[in-house]
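Architecture at a glance
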Amino acid sequence: MALIVQKYGGSSVADATSIKRVAKRIAEAKRGGNDVVVVVSAMGDTTDNLIDLANEVTPMPPSREMDILLTAGERISMALLAMAIESLGVEAKSFTGQQAGVITDTRYGKARIIDVAPGRITSTLAEGAVAIVAGFQGVTQHTNDVTTLGRGGSDTTAVALAAALHADICEIYTDVDGVFTADPRIVPSARRIPRISYDEMMEMAASGAKVLGLRCVEYARRYGVPVHVRSSFSGREGTLVTDEIEGAGTVEEPIISGVAHDRSEAKITVVGVPDVPGKAAKIFEVVAGAEVNIDMIVQNVSVAATGLTDISFTLPATDGQHCIAALTAAQAEIGYDSLQYDDTIGKLSLVGAGMRSHPGVSAKLFAALSAAGINLEMISTSEIRISVVTRADHLDDAVRAAHSAFELDSTEDEAVVYGGTGR
Ligand code: ADP
Ligand code: ASP
Ligand code: MG
């Protein structure tokens, strides 16, 4: 008998029929003799629809109320799923994040889990019932305010519960058959990756491969939780995210694991910054003070005659206006001329642990992109990743060009997209 945590994403519970289908899967796992904890996301595009609704009511919704609003989505699906499981003759009880003991810090919209106290979940399992937990939500430690964990946060809830309960496996059920060498919605010939290391998966997730959230992978690595990403629409084996990768560090290790893309970033350029020590520090202090996480940074060489330089950086587009406001307030202190904002950028990242020991990966990537007529606006690298910024409308072509250049295309029709709107 095993303790299994299963997480079902929004597209797996998009309507009543899907909820009943998923309930059957859960009942089977339970009848197979396992203890089963289920984490569930909001139905279909519910979260996006709730965000749109809030923005129709007011352009700047207060973050505390926004979080209460968004947690409603997961509450709907958790109760419906528990009902569907009960109707199959298996006992099930649903719990909000708060009831399940998910304690977070106070950062609304991007709260971090600081503790999990799953007493009610453990006792539900002991009673022989399936425990259903609303994903993506928690409660602050001292004030009992409801928080959300950031988009895609149900993955993190699942891994955090799996760690707290010492589960044997955390299964992430979604609308594709696992982690592929690129998003199957853009590259139909993408190949399923049977096993991937936490490190590579972290780079993929950080680079926009939203099949798993970054926080979830960080958490899984820290606590050594094995994660199996698979489809709720098929019985196929998916992708195992783990530490033990066969062939790692050997000649058999693939150089490139995959190509990730991200359309959710924007670029801010601070124009006319005095080229003297301390200015970059000041700019990024202001940005950090606004709680904005930046990604890539480029500083242009100053034109000697003017002694001024331009500094560009990328950030989540959702933080764009907030960051512009913080920089504008500090204009006199920093002493720059103006700000430019561009949210029509796309980012492509090539990820692979094997690139540590293989020269020429950047050259091959840049050659492939140039052959496809794609201009590179920014470049950054880590030990196992190369990222470039392009125009947003060139991004899909760039992903396909990079994918073929590194011979990642599959000859079998593996990359089925079973559901979801890709939103
Ligand atoms: P869920 O609602 O189940 O959480 P998500 O939409 O968050 O699902 O994540 C699944 C989607 O991630 C897939 O439908 C696919 O379009 C996208 N995706 C992006 N990159 C990849 C990748 N490398 N492998 C698999 N799916 C990917
Ligand atoms: N419903 C939330 C979202 O859409 C959380 C999740 O699905 O993981 O981001
Ligand atoms: Mg997701």
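Residues numbered from 1 in each chain as written. Chains lettered and ligands numbered in written order. Predicted model: local features only at pLDDT ≥ 70, side-chain atom pairs only at ≥ 80, totals over all residues. Heavy atoms only, no water.

As annotated in an unreviewed UniProt entry, the protein chain carries the name Aspartokinase and is attributed to Cellulomonas fimi. One UniProt comment on the protein chain, placed under Function (unreviewed entry), says "Catalyzes the phosphorylation of the beta-carboxyl group of aspartic acid with ATP to yield 4-phospho-L-aspartate, which is involved in the branched biosynthetic pathway leading to the biosynthesis of amino acids lysine, threonine, isoleucine and methionine." UniProt lists a comment for the protein chain under the heading Catalytic activity (unreviewed entry), and it reads "L-aspartate + ATP = 4-phospho-L-aspartate + ADP". (UniProt positions renumbered as here; feature names shortened; annotations may be inferred.)

For the protein chain, the count of helices and strands is 12 helices and 20 strands. Taking 22 Å as the expected radius of gyration for a compact globule of 423 residues, we find that the protein chain reaches 23 Å, a close match to that expectation. Expressed as lengths along the three principal axes of its C-alpha atoms, the size of the protein chain is roughly 80 × 50 × 35 Å. Within the span of the protein chain, comprising 423 residues, buried residues form 52% of the whole. The long-range fraction of contacts in the protein chain, counting pairs at least 24 apart against all pairs at least 6 apart in sequence, stands at 75%. Of the side chains in the protein chain, 36 bear a positive and 54 a negative charge, and the two mean positions are spaced by 4 Å. (Helix = DSSP H or I, 4+ residues; strand = E, 2+ residues; numbered from the N terminus. Rg over C-alpha atoms; globule rule 2.2 N^0.38 Å. Buried < 20%, exposed > 50% of the residue type's maximum accessible area, 1.4 Å probe, protein only. Contact = heavy atoms within 4.5 Å. Lys, Arg positive; Asp, Glu negative; His and termini not counted. Charge placed at Lys NZ, Arg CZ, Asp CG, Glu CD.)

Under the feature "binding site: ATP" (unreviewed entry), the UniProt entry names Lys7, Tyr8, Gly9, Gly10, Thr174, Asp175, Arg185, Lys210 and Val211. If you trace the backbone, Lys7 turns up in strand S1 (residues 3-8). Here Lys7 is in contact with Val39, Ser41, Ser154, Asp155, Ala158, Glu171, Ile172 and Tyr173, once residues within four sequence places are set aside. With respect to the helices, strands and loops of the structure, Tyr8 is situated in strand S1. Leave out the neighbours within four places in its chain, and Tyr8 touches Val13, Val22, Arg25, Ile26, Val38, Val39, Val40, Ser41, Tyr173 and Ser232. A distance of 2.8 Å separates polar atoms of two side chains, one belonging to Tyr8 and the other to Gln6. (Polar contact = N/O pair within 3.5 Å; in protein donor to acceptor, adjacent residues only side chain to side chain.)

This brings us to the site of ligand 2. Inspection of the region around ligand 2 gives Ser41, Ala42, Thr47, Glu74, Phe136, Arg151, Gly152, Gly153 and Ser154 as its neighbouring residues. Residue Gly153 places a main-chain N or O atom 3.3 Å away from an oxygen atom belonging to ligand 2. Taken by itself ligand 2 offers 260 Å² of open surface, and the protein chains cover 86% of this. (Near = heavy atom within 4 Å. Areas by Shrake-Rupley, 256 points an atom, 1.4 Å probe, with all protein chains shown as cover.)

Now for a nonpolar patch on the surface. A cluster of nonpolar side chains, Ile76, Leu80 and Met83, forms an exposed patch at the surface whose accessible area comes to about 270 Å². Within the element layout of this structure, Leu80 appears in helix H3 (residues 63-86). (Patch = residues over 30% accessible without salt bridge, like charges linked within 9 Å, V, L, I, M, F, W, Y side chains within 5 Å. Salt bridge = Lys/Arg side-chain N within 4 Å of Asp/Glu carboxyl O.)

To continue, consider the sheet that holds strand S13 (residues 258-262). With antiparallel pairing, four strands are arranged side by side in an open sheet as S13-S18-S20-S19. Among the strands making up the open sheet, the edge pair consists of S13 and strand S19 (378-382). Here the average twist between neighbouring strands, direction ignored, is 20°. Sheet analysis places strand S18 (residues 345-351) next to strand S20 (residues 385-391), joined by seven bridges and oriented antiparallel. In the sheet register, Val351 faces S20, and the bridge partner there is Arg385. This element, helix H6 (residues 198-206), spans S13, S18, S19 and S20 of the sheet and lies at about 170° to S18. (Pairing = 2+ DSSP bridges. Axes fitted to C-alpha atoms, helices over the stretch in contact; angles between N-to-C directions.)

With that out of the way, let us pick up the site of ligand 1. Ligand 1 sits among 19 residues. The nearest are Thr174, Asp175, Phe180, Asp183 and Arg185. Interatomic distance of 3.2 Å between a backbone N/O atom of Gly10 and an oxygen atom of ligand 1. A distance of 2.7 Å separates an oxygen atom of ligand 1 from a polar side-chain atom of Asp175. Tallied by class, the residues present in the shell around ligand 1 amount to nine nonpolar, five polar and five charged. (Nonpolar A, V, L, I, M, F, W, Y, C, P; charged D, E, K, R; others polar.)

This part takes up the UniProt feature "binding site: substrate" (unreviewed entry) in the protein chain. As recorded in UniProt, the sites labelled "binding site: substrate" (unreviewed entry) are Thr47 and Glu74. Spatial clustering of the annotated residues is evident: they stretch over 28 residues in sequence, but the largest pairwise C-alpha distance comes to 8.7 Å. Of note, Thr47 is situated in helix H2 (residues 46-57). Residue classification places Thr47 among the buried residues on the basis of a relative accessible area of 9%. Not counting the four nearest positions on each side in its chain, Thr47 is found in contact with Ala42, Leu70, Phe136 and Arg151. Mapped onto the elements, Glu74 comes out in helix H3. Classification of Glu74 as buried rests on a relative accessible area of 2%. Apart from residues no more than four positions distant in its own chain, Glu74 is found in contact with Val40, Ser41, Ala42, Ala134, Gly135, Phe136, Gln137 and Ser154. For Glu74, the side chain forms a polar contact with the main-chain nitrogen of Ala42, separated by 2.9 Å.

As a further point, take the pairing of strand S7 (residues 137-140). In this sheet, S7 lies alongside strand S4 (residues 102-104) in parallel orientation, the contact comprising two bridges. Across the sheet, residue Thr104 finds its bridge partner in S7, namely Thr140. Pairing between S7 and strand S8 (residues 146-148): three bridges, direction antiparallel. Pairing of Gln137 across the sheet is with Thr148, part of S8. Counting the residues that bridge the hairpin from S7 to S8 gives five residues, and of these Asn144 lies at a positive phi of roughly 60°.

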